[in-house]
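Residues per chain are reported as follows:
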Amino acid sequence: MSRGGGGGRGGRGRGGATFGNGKRAVASNSVPWNADPDLVVDGKPSELFPPYDVPQAPHLSKKEDKQVSFFLLFREQCHDGPLYTQARSWTQDFSKPRRTYGQDQINKRYGQTSKATVDPFLAVPTYAQKFTQSERTLPDLESRPFAKEFFPPELHATLDGDDGGGPASKRRKTGPKTLGLSNITQLKTAEELFLPEGMENGSGNLDKAMEVLATMEKREDGEEDGFLSGEEDDWVKENGEEGEDNAEDEDQYDDDSGDDDYNAEAYFEGNQDEDDYDEGGGGDDGGADYM
Amino acid sequence: MLVTQNGAELCALLIDEIYGELPSRIFAVLLNRGRSSLPQLVQYTSMSPRQLRHGLAVLNQHSLLYFDVNSDNGMTVYEPNTDNAYNLARIGKVLEMVDTSLSPSAKDVMQSLLLSGQTRISDLVAAYQSKIDHASNVAKLVKDEGDDWPELNGTNGDVQVVKMPDTSINSAGQLNSVLCRLVEAELVEVIHKKTFLSPQDILRDVEKETLDKYFLAGVKGGKGKIEFQEKVADGLRKVRDESKSLKRKLEQNGTAAKRRKLFSGVGMSNGNGTHEEESGDPGLDPKQVIRINWEKCLVELRNRRLYQFVADMIGENTAYVYAVLLKLLTKRLARCRLDPTIDIKEGEEDIGVGFVTTDEILDNLKTGIDLSLGLGKATKDKISSKAAEVIHEHPPKKKLFIAEAEVDGDASADEEDEEGSGSESGESDAEYEVRGRSSAPVGNGTKVKFADAAAGKEQRLDRPGQLRQHLLLLAESTQHFVRHCGPDEWTVDFVPLMHTLCEAELDSVIEQRSGKPGLRLVRLLRDKGKLDEKSLQNVALMRKAEVQQKMLEMQTAGFVHIQEVPRDNKADVKKSFFLWFCDIEKSATHLVDTSYRTMVRCLQILEVIRQQEKDVLMLTKRTDVKGREKDVMRKEYYDRYSRFRENEKKLFAQVMRLDDFVSLLRDF
């Protein structure tokens with residue numbers, strides 16, 4: 001007996017004579033196991049997901065591996081550059097269907113992440129938020145030179161950074177703009193990030209030294225920019241000494257810098273003045289709360 | 001490039017992956033809506049004009065846009081450059097190609113160029129200069145602190161080596177020479193004022209100019225039309241060649257090798273800020289703006305692909321010979337597929353890529369390559385050298401009409417026989433001579449020593465002969481990798497060769513999808529043309545049900561197509577013929593589109609994984625975590641992170657493999 005036309009067997013014989021309740025009766029002599037008592041009927045339902053041989057892509061060859069890592073390195077560098085906009089205004093919810101009908105619906109997807117849409121339970125400022133990268137919503141066009149003759153005239157003001165940022169946006173002093181080359185020179189795999197201690201010491205110091213140098217040079221130019229990494233580090237350190245639960249972390253931080261006397265912390269230890277510090281963290285609401 | 005829906009989605013995703021959401025959004029809208037102006041874009045995207053201007057600036061900087069400024073009302077319209085957007089998927093390949101075929105430092109420069117988009121040479125030089133200064137300053141500091149850093153207290157030079165193992169650009173002079181080499185290889189092109197006009201706009205401008213200049217009275221008659229088209233093609237070519245102005249200038253200064261000798265160690269000459277025509281030195285004009293020339297990059301990628309193919313088909317050494325041949329041959333070749341409006345019109349003789357002589361190849365072969373490997377060892381009398389050395393002067397003609405083709409074939413065979421016999425006898429004599437000589441101490445000193453040392457080495461001496469063998473092997477292959485176009489002259493007919501490769505690739509796809517019988521049916525159709533179902537059964541010797549099932553299966557997959565031919569005017573469906581046929585072009589475009597979709601899926605999956613591993617990724621990006629992940633992150637997080645990295649790599653590898661396929665079917 002089977003419900004509706006679901007089973008292939010139900011419809012046979014005199015089947016199809018439905019009663020009022022929707023059940024179908026099968027004449028008792030029409031089923032095969034009635035005629036042949038030896039017949040063993042396999043009444044199991046067919047498997048919904050039978051084993052399927054999923055095709056597997058072959059492993060990466062050496063060349064492919066190189067190509068992919070070059071691509072990934074390029075992407076990293078690009079994300080590090082001034083023209084990349086990190087901000088995602090589209091909160092992706094993959095449980096919902098992504099199909100859209102018309103431009104209006106597409107447009108509605110974007111601009112979802114704003115102050116009004118933050119999750120109130122997760123949006124409480126925490127200490128760790130200090131360390132998250134500040135997101136950029138618009139590309140930083142004024143930091144680098146452009147070959148303006150190859151841009152349409154209506155974009156020229158934008159390229160100069162004079163594009164209606166309102167009075168709030170700080171005008172950078174116009175010095176000679178330079179094209180920055182990315183400092184990321186190699187793509188670190190997970191293993192490299194975690195495993196080799198020795199390498200980290202060697203090149204890490206150098207990197208730090210380079211960072212310090214960058215900060216020094218910028219200081220000499222008289223630029224006071226809150227985004228400079230060196231200052232942020234100082235800030236972190238100053239703050240960290242007050243943070244009880246992060247004491248251990250900070251100890252390690254100190255240990256690291258104790259190996260050599262040339263690094264950001266050491267350099268700025270005496271130099272740090274309060275004004276600077278305020279400026280560095282002033283813009284960040286989270287910082288104030290934490291304090 | 002015509003864009004399908006999947007292609008458009010892919011382009012937007014690629015831009016999103018590399019340049020961020022803002023440009024990607026604008027690009028997607030441009031793709032959907034076509035040519036639009038800024039106010040229109042505001043309307044479509046409901047973004048602020050300020051956002052749009054920023055996004056458009058980024059897109060334009062990376063050459064992802066065409067724009068046209070209307071001279072009357074000053075309105076600018078933008079158009080998406082889909083080719084360049086798709087090329088983003090090839091960045092890894094291009095960088096790898098430059099890295100291996102030129103040098104790591106060239107790759108570094110190339111990468112900087114890709115990163116910054118169109119760049120003025122002076123800016124690039126300044127950027128590198130500041131980096132170099134920076135590095136040397138650091139090195140100095142390190143030197144001063146030498147006592148504290150025991151592992152680094154070497155000299156200045158040592159530190160440089162330790163610090164910058166991969167950038168390897170450490171002087172302005174080196175940068176200049178690397179740039180020169182890139183320009184010579186045409187991998188870098190100059191931007192001129194028409195670069196950002198879309199092809200249609202350029203055509204419009206050139207046509208207008210031609211009309212104003214030569215055809216004031218209008219174009220009249222068939223003859224006038226042809227003349228007009230020639231003039232337009234000339235104009236288009238002129239516009240196109242403008243991007244090579246730097247290369248031309250370099251060539252005026254003599255050959256590359258000579259110049260490199262002269263100016264090695266001499267820094268970038270700063271004094272020539274005037275005009276490029278006046279300065280006679282190799283320093284590139286710092287005012288020029290350069291970018292990557294994707295078309296030439298594609299030619300190089302095609303060469304590598306062909307090399308790979310030969311390596312698979314015949315063998316490593318032969319493939320190496322082929323690579324050298326291709327490198328020499330494609331030096332002047334600017335693009336893989338010729339532009340029908342510009343190139344085809346100008347007459348048949350110019351289309352050919354020229355030829356390379358055996359001696360040229362021999363000069364460019366590395367001496368370390370043992371040519372005797374990979375060759376069969378048959379005695380001279382077992383080889384029909386006459387058949388092997390047949391010379392085909394003309395490229396194979398397309399088989400349009402069978403009768404005509406046969407006549408052609410006969411005629412050319414006759415000619416070849418005559419020429420072949422003439423040149424070949426001389427050749428073989430020479431070969432015998434070489435063989436005979438090699439054992440006797442007549443050649444130069446070193447060779448004789450080798451010959452004395454071991455009998456096996458004897459074979460290495462006959463490099464020209466062995467090279468010839470490899471080339472003949474290539475020419476003999478069924479794919480016709482090489483055409484023996486004259487005595488000791490070799491060329492490659494790219495169009496038919498790539499067609500063959502396309503077919504082979506399609507065949508392998510068909511075989512995977514519908515098995516051997518399906519492939520057999522497709523091949524039958526290709527051979528016989530259009531076939532009725534009944535005759536197909538007869539030819540294929542298969543049962544009706546099988547044929548029907550297979551054909552339907554393949555039709556849904558887009559490998560075979562069906563045509564309805566009515567028997568009479570009424571076009572009664574029951575009475576009309578249904579002919580199966582197989583159109584390679586059609587199946588190729590279909591497959592390309594499917595590949596786009598698969599690539600889109602790969603990128604979407606990546607996004608989903610990213611969403612799943614969001615907390616780990618956020619953690620690794622934190623400034624306090626960077627550099628000391630091991631201390632901060634737990635084992636569990638580390639595992640997740642490494643798994644994510646692995647998946648990411650696999651997904652991108654998949655995208656690149658698909659791109660291999662797409663480029664073979666679409667671009668090569």
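These numbers come from a predicted model, not from an experiment. (Residues numbered from 1 in each chain as written. Chains lettered and ligands numbered in written order. Predicted model: local features only at pLDDT ≥ 70, side-chain atom pairs only at ≥ 80, totals over all residues. Heavy atoms only, no water.)

Right, let's get into the overall build of chain B. Within chain B one finds 30 helices and 12 strands. Burial status across chain B gives 49% buried among its 668 residues. The contacts of chain B with a sequence gap of at least 6 include a subset with a gap of at least 24, amounting to 71%. As displayed, chain B has an accessible area near 33,600 Å², and 52% of this comes from carbon and sulfur atoms. (Helix = DSSP H or I, 4+ residues; strand = E, 2+ residues; numbered from the N terminus. Buried < 20%, exposed > 50% of the residue type's maximum accessible area, 1.4 Å probe, protein only. Contact = heavy atoms within 4.5 Å. Areas by Shrake-Rupley, 256 points an atom, 1.4 Å probe, with all protein chains shown as cover.)

Another aspect to go through is the overall build of chain A. When helices and strands are tallied, chain A shows 11 helices and 0 strands. Helices and strands appear in chain A in the N-to-C order α-α-α-α-α-α-α-α-α-α-α. Evaluated residue by residue, chain A yields a buried proportion of 31% over its 291 residues. Long-range pairs, those at least 24 residues apart, make up 58% of the contacts in chain A between residues at least 6 apart in sequence. Accessible area of chain A: about 19,100 Å², with a carbon and sulfur share of 51%.

Next up on the list: the nonpolar core. Counting residues in hydrophobic clusters, the biggest one holds 170 residues, and the most contacted among them are Tyr322(B) and Ile361(B). With 8 residues, the next largest nonpolar core counts Val206(B), Phe228(B), Val232(B) and Val239(B) among its residues. (Core = buried A, V, L, I, M, F, W, Y, C linked by side-chain atoms within 4.5 Å.)

This part is about the packing of helix 2 (residues 62-80) of chain A against helix 7 (residues 104-116) of chain B. Two numbers describe how helix 2 of chain A lies on helix 7 of chain B: the axes approach to 10 Å, and their chain directions differ by 45 degrees. It follows that helix 2 of chain A is oblique to helix 7 of chain B by the angle criterion. In terms of crossing hand, the pair formed by helix 2 of chain A and helix 7 of chain B is right-handed. Residues Phe70(A), Leu73(A), Phe74(A), Gln77(A) and Cys78(A) of helix 2 of chain A pack against Lys107(B), Gln111(B), Leu114(B) and Leu115(B) of helix 7 of chain B. Here the contact of helix 2 of chain A with helix 7 of chain B is composed, by residue class, of 6 nonpolar, 2 polar and 1 charged. (Axes fitted to C-alpha atoms, helices over the stretch in contact; angles between N-to-C directions. Parallel < 35°, antiparallel > 145°, perpendicular 65-115°, else oblique. Left-handed = near helix turned anticlockwise from the far one by under 90°. Nonpolar A, V, L, I, M, F, W, Y, C, P; charged D, E, K, R; others polar.)

Applying the stated criterion across every chain, the model contains 39 salt bridges over all chains. Of the charged contacts, one joins Glu648(B) and Arg75(A) as a salt bridge, the two residues approaching to 2.9 Å between their closest N and O atoms. On the criterion of chain membership, the pair formed by Glu648(B) in helix 30 (residues 635-667) and Arg75(A) in helix 2 is interchain, its members lying in two chains. Accessibility assignment for this pair places Glu648(B) and Arg75(A) in one class, buried. The salt bridge involving Glu511(B) is made with Lys516(B); its shortest N-O contact spans 3.6 Å. Owing to a relative accessible area of 60%, Lys516(B) belongs among the exposed residues under this scheme. When salt bridges that share partners are traced, they join Arg75(A), Glu76(A), Glu17(B), Glu607(B), Arg610(B), Arg645(B) and Glu648(B) into one network. (Salt bridge = Lys/Arg side-chain N within 4 Å of Asp/Glu carboxyl O.)

So, on to a nonpolar patch on the surface. All names here are of chain A. A contiguous nonpolar surface patch, about 250 Å² in accessible area, is contributed by Trp-33, Leu-39 and Val-41. Topologically, Trp-33 is positioned in helix 1 (residues 32-35). Overall, Trp-33 belongs to the partly exposed group, its relative accessible area being 37%. (Patch = residues over 30% accessible without salt bridge, like charges linked within 9 Å, V, L, I, M, F, W, Y side chains within 5 Å.)

Turning next to the confidence of the model for chain B. Residue and element names in this part refer to chain B. In this model, chain B carries a mean pLDDT of 77, and residues with pLDDT of at least 70 account for 78%. In this model, residues 147-166 is a region of pLDDT below 50 whose contacts with residues beyond four sequence positions or in other chains number 26 contacts. Confidence drops under a pLDDT of 50 for residues 256-281, and excluding neighbours within four residues, the segment shows 33 contacts in the predicted structure. (pLDDT = per-residue confidence, 0-100.)

Residues and elements named next belong to chain B. Counted according to the given criterion, the structure contains 6 aromatic pairs over all chains. On the numbers, 5.9 Å between centres and 65 degrees between planes, the contact of Tyr-86 with Tyr-596 is edge-to-face. One end of the pair, Tyr-86, is in helix 5 (residues 82-87); the other, Tyr-596, is in helix 27 (residues 584-612), and 510 residues separate them in sequence. Comparing Tyr-86 with Tyr-596, the two get one shared label, buried. Centroid distance Phe-309 to Phe-481: 5.9 Å. Interplanar angle 65 degrees. Geometry classified as edge-to-face. Here Phe-309 is found in helix 15 (residues 294-313), whereas its partner Phe-481 is found in the loop between helix 23 (463-476) and strand 8 (483-486), with 172 residues between them in sequence. Accessibility classification places Phe-309 together with Phe-481 in one group, the buried group. Across the ring face of Phe-196, the terminal group of Arg-291 is positioned such that the distance to the ring centre comes to 5.8 Å. (Phe/Tyr/Trp six-rings, centres within 6.5 Å; stacked < 30°, edge-to-face > 60°. Lys NZ or Arg CZ within 6 Å of the ring centre and 35° of its normal.)

The next subject is the sheet that holds strand 1 (residues 36-37) of chain B. Hydrogen bonding along the main chain pairs the strands of a sheet, whether they run parallel or antiparallel. Residue and element names in this part refer to chain B. Strand order in this open sheet of 3 strands is 1-3-2, and the pairing throughout is antiparallel. Either end of the sheet is taken by a strand with one partner, and the two such strands are strand 1 and strand 2 (65-69). Taken together, the 2 bridges between strand 1 and strand 3 (residues 76-80) define a ladder with antiparallel strand orientation. By the bridge assignment, Ser-36 is partnered in strand 3 with Tyr-78. Along the sheet, helix 2 (residues 21-33) contacts strand 1, strand 2 and strand 3; its crossing angle with strand 3, the most-contacted strand, is approximately 95 degrees. (Pairing = 2+ DSSP bridges.)

All right, on to the packing of helix 2 of chain B against helix 3 (residues 38-45) of chain B then. All names here are of chain B. Following both chains from N to C, one finds helix 2 and helix 3 inclined at 100 degrees, their axes separated by 11 Å at the closest point. Relative to helix 3, helix 2 is oriented roughly perpendicular. For the pair helix 2 and helix 3, the contacting residues are Arg-25, Ile-26, Val-29, Leu-30 and Arg-33 in the first and Leu-41, Tyr-44 and Thr-45 in the second. In the contact of helix 2 with helix 3, the residues fall into 5 nonpolar, 1 polar and 2 charged.

As a further point, take unusual backbone geometry. All names here are of chain B. Although it is not a glycine, Ser-46 sits at a positive phi angle of roughly 50 degrees. Position of Ser-46 relative to the elements: it lies in the loop between helix 3 and helix 4 (49-61). For Ser-46, a relative accessible area of 53% corresponds to the exposed category. Although it is not a glycine, Glu-186 sits at a positive phi angle of roughly 65 degrees.

Now for a positive patch on the surface. On the surface, a cluster of positive charge is made up of Arg181(B), Lys327(B), Lys331(B) and Lys366(B). Inspection of the secondary structure puts Lys331(B) in the loop between helix 16 (316-329) and helix 17 (340-344). (Lys, Arg positive; Asp, Glu negative; His and termini not counted. Charge placed at Lys NZ, Arg CZ, Asp CG, Glu CD.)

Okay, the sheet that holds strand 9 (residues 489-491) of chain B next. Residues and elements named next belong to chain B. An order of 7-9-8 is seen for the 3 strands of this open sheet, with the pairing classed as antiparallel. Only two strands of the sheet have a single neighbouring strand rather than two, namely strand 7 (356-357) and strand 8. Note: strand 7 against strand 9, 2 bridges, orientation antiparallel. Looking at strand 9, one finds that Thr-357 is bridged to Glu-489. Together, strand 8 and strand 9 form the strand contacts of helix 23, whose direction differs from that of strand 9 by roughly 40 degrees.

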